[in-house]
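A structural walkthrough
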Amino acid sequence: MNQNSILNHFPYPFKEDSYRYSNNSILLKPQSSIEITPNYENEINLKRRLLKKVPIHCYQALPTSIEGQWEIVELVIDHLTKYYPTHFEVYKKNANRTLYNKLLNEEQQFIFGNLSSAFGEPLNMIGKHVQEDLIYMSQRDNDLFLDAGHLCFPSNWSLAFKLGMKFKEIHQPIPMFNENSLDDRILRFLKNIEQGSPWSRKNWSLMAGDRLDTSLETFDLWGKDRENVTSENVGQFVHLRVEVQKLFRLSVSNGLLFTIHTHIISLEQFSSNKEWLKQFYTILSELPDFILDYKGISSYKTEVLTYLKNKLDEVG
């Protein structure tokens, strides 16, 4: 992929010259839960390797999630065939389904609603065909619960640990998340999402290295990279990581589907966009320590800022 194509596909996450935790959701248009990018085949292959190597890290589900999982299968297939008809087709005969994945030259056959035909894991079955991670949250007792997830590319958290938790419990490690009742306001917003009106938001972080699979369980493998950032390698080694999260109300189970598409770009590539470079330097320069610490940036903030400033001086 050439430089212009990389920049055109990257979902730049900032609108303001400063950043604080907020509900930055916007109505989703077009209403597609998935996106196919030029990285499709590489990312699907990585997903499937991880699912074989560390399945417990990548897929977890409670029995209460089965109805919602089948809804997600139907929704995702509908979107694949609607928005990418040259790449995906589906054949339906009663409850029998055959998904044709032309990008991988594969057929996925199953009986809708029959767990044995999906090896007991409908969410995991369809997750192997999309670049997005898929999270299902049930809504009951006036709260949201993480009931199932196909999560191969987490950003420093553990699906196995979070399974079954309430919304606020999941986000408890985020510093200041309950300041000014932000947690209450976001939870209320999520519970009020309506079927047919999906939303989208972007979450970002910096990371040392270019791994997509940064689960909490493998922190010993990638966490040490934060100490290996130098003034010489920072441009190629440090990446901006952006998650495009989409939120859909499911009509039958009344649960929520979160799809998470992770994009990464090196600072060197990112900096070729002058407007992005200027704004991100401003944001990072005044970012509070508690956000820097939580996002794991503190140990190499100086190297990043120096690099960005030098790039700004070059472009004038």
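We now turn to the structure provided with this report. (Residues numbered from 1 in each chain as written. Predicted model: local features only at pLDDT ≥ 70, side-chain atom pairs only at ≥ 80, totals over all residues. Heavy atoms only, no water.)

1. Structural notes on the sheet that holds strand S3 (residues 88-93)
Reading across the sheet, the 3 strands line up as S3-S4-S5 and stay open at both edges, with antiparallel pairing between neighbours. Across the chains shown, the open sheet's two edge strands, defined by having one partner strand only, are S3 and strand S5 (106-111). Strand-to-strand twist across the sheet, computed as the mean angle between neighbouring axes with direction ignored, equals 15°. Pairing of S3 with strand S4 (residues 96-101), which is carried by 6 bridges, proceeds in the antiparallel orientation. (Pairing = 2+ DSSP bridges. Helix = DSSP H or I, 4+ residues; strand = E, 2+ residues; numbered from the N terminus. Axes fitted to C-alpha atoms, helices over the stretch in contact; angles between N-to-C directions.)

2. What about the packing of aromatic side chains?
Scanning all chains against the criterion turns up 18 aromatic pairs. Measuring from centroid to centroid gives 5.6 Å for Tyr12 and Phe14, while their planes differ by 80°, and the two rings are edge-to-face. Accessibility classification places Tyr12 together with Phe14 in one group, the buried group. Measuring from ring centre to ring centre gives 4.8 Å for Tyr12 and Trp276, while their planes differ by 5°; the resulting arrangement is stacked. One end of the pair, Tyr12, is in the loop between helix H1 (3-9) and strand S1 (26-27); the other, Trp276, is in helix H12 (residues 274-286), and 264 residues separate them in sequence. For Tyr12, a relative accessible area of 13% translates into the label buried. Among the residues examined, Trp276 registers a relative accessible area of 12% and is labelled buried. The aromatic ring of Phe145 is capped on one face by Arg140, whose charged end is 4.1 Å from the ring centroid. Looking at Lys295, its charged tip hangs above the ring of Trp204, at a distance of 4.7 Å from the centre. (Phe/Tyr/Trp six-rings, centres within 6.5 Å; stacked < 30°, edge-to-face > 60°. Buried < 20%, exposed > 50% of the residue type's maximum accessible area, 1.4 Å probe, protein only. Lys NZ or Arg CZ within 6 Å of the ring centre and 35° of its normal.)

3. Considering the sheet that holds strand S2 (residues 59-61)
Spatially, S1-S8-S9-S10-S6-S7-S2 is the arrangement adopted by the 7 strands of the open sheet, whose pairing is antiparallel. Strand pairing shows two members of the sheet lacking a second neighbour, S1 and S2, which therefore form its edges. Two elements, S2 and strand S7 (residues 143-150), share 3 bridges in a ladder whose sense is antiparallel. Across the sheet, the residue bridging to Gln60 is Gly149, located in S7. The strands touched by helix H8 (residues 182-191) within the sheet are strand S6 (133-140), S7, strand S8 (199-208), strand S9 (238-249) and strand S10 (256-266), with S7 carrying the most contacts at an inclination of about 70°. (Contact = heavy atoms within 4.5 Å.)

Read these as spatial facts, not as claims about activity.
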